[in-house]
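# Working through the structure, step by step
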Amino acid sequence: MDAQASVTPFVLYGTSACHLCELAEAVLSEFLAQGYDWQIEVVDIADDDKLLERYALSIPVLTRAGSGVELRWPFDGAAVLAFASEEVAG
């Protein structure tokens, strides 16, 4: 079995100096510390005009990499786990 096949990829959209983004990263870090096989790419929306236009008023936003499914702030560990479970089931 390919090890990469079991990795769950997510993208966290945010920006620097964003307290809520830091809180979202902390929530996700807890899952990584517990051994969840997730790959989380943190994307700074300030580096891309289209992302800035789309997410400026709603960051942080967690998405499933390569899909349009989003989990918008506020979210906690339970919401993230439910979101990840939907992805596995879906």
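A brief structural summary. Note that the coordinates shown come from a computational prediction; the quantities given were computed from them, not determined experimentally.

## Looking at the packing of aromatic side chains
Scanning all chains against the criterion turns up 7 aromatic pairs. Taken together through their ring pairs, the aromatic side chains of F10, F31, Y36, W38 and F83 make up a single cluster.

## Digging into the sheet that holds strand β3 (residues 61–64)
In space, the 4 strands of this open sheet follow the order β2-β1-β3-β4, with mixed pairing throughout. In this open sheet, the two edge strands, each paired with only one partner strand, are β2 (38–44) and β4 (70–72). Recorded for the sheet is a direction-independent mean angle of 20° between the axes of neighbouring strands. Pairing of strand β1 (residues 8–14) with β2 involves 7 bridges; the strand directions are parallel. Looking across to β2, one finds that G14 is bridged to D44. This element, helix α1 (residues 19–33), spans β1, β2 and β3 of the sheet and lies at about 165° to β2.

## Section: the pattern of salt bridges
The full count for this structure, using the stated rule, is 3 salt bridges. Taking the shortest distance from any N to any O, the salt bridge between E86 and R64 comes out at 3.6 Å. A residue pair is termed long-range when its members are at least 10 positions apart, and E86 in helix α3 (residues 77–89) and R64 in strand β3 qualify at 22 residues. For E86, a relative accessible area of 47% translates into the label partly exposed. Taking relative accessible area as the criterion, R64 reaches 13% and is therefore assigned buried.

## Description of a negative patch on the surface
Taken together, D47, D48, D49 and E53 make up a surface patch of like negative charges. On the accessibility criterion, D47 (69% relative accessible area) is exposed.

Criteria and thresholds
Residues numbered from 1 in each chain as written. Predicted model: local features only at pLDDT ≥ 70, side-chain atom pairs only at ≥ 80, totals over all residues. Heavy atoms only, no water. Phe/Tyr/Trp six-rings, centres within 6.5 Å; stacked < 30°, edge-to-face > 60°. Pairing = 2+ DSSP bridges. Helix = DSSP H or I, 4+ residues; strand = E, 2+ residues; numbered from the N terminus. Axes fitted to C-alpha atoms, helices over the stretch in contact; angles between N-to-C directions. Contact = heavy atoms within 4.5 Å. Salt bridge = Lys/Arg side-chain N within 4 Å of Asp/Glu carboxyl O. Buried < 20%, exposed > 50% of the residue type's maximum accessible area, 1.4 Å probe, protein only. Patch = residues over 30% accessible without salt bridge, like charges linked within 9 Å, V, L, I, M, F, W, Y side chains within 5 Å. Areas by Shrake-Rupley, 256 points an atom, 1.4 Å probe, with all protein chains shown as cover. Lys, Arg positive; Asp, Glu negative; His and termini not counted. Charge placed at Lys NZ, Arg CZ, Asp CG, Glu CD.

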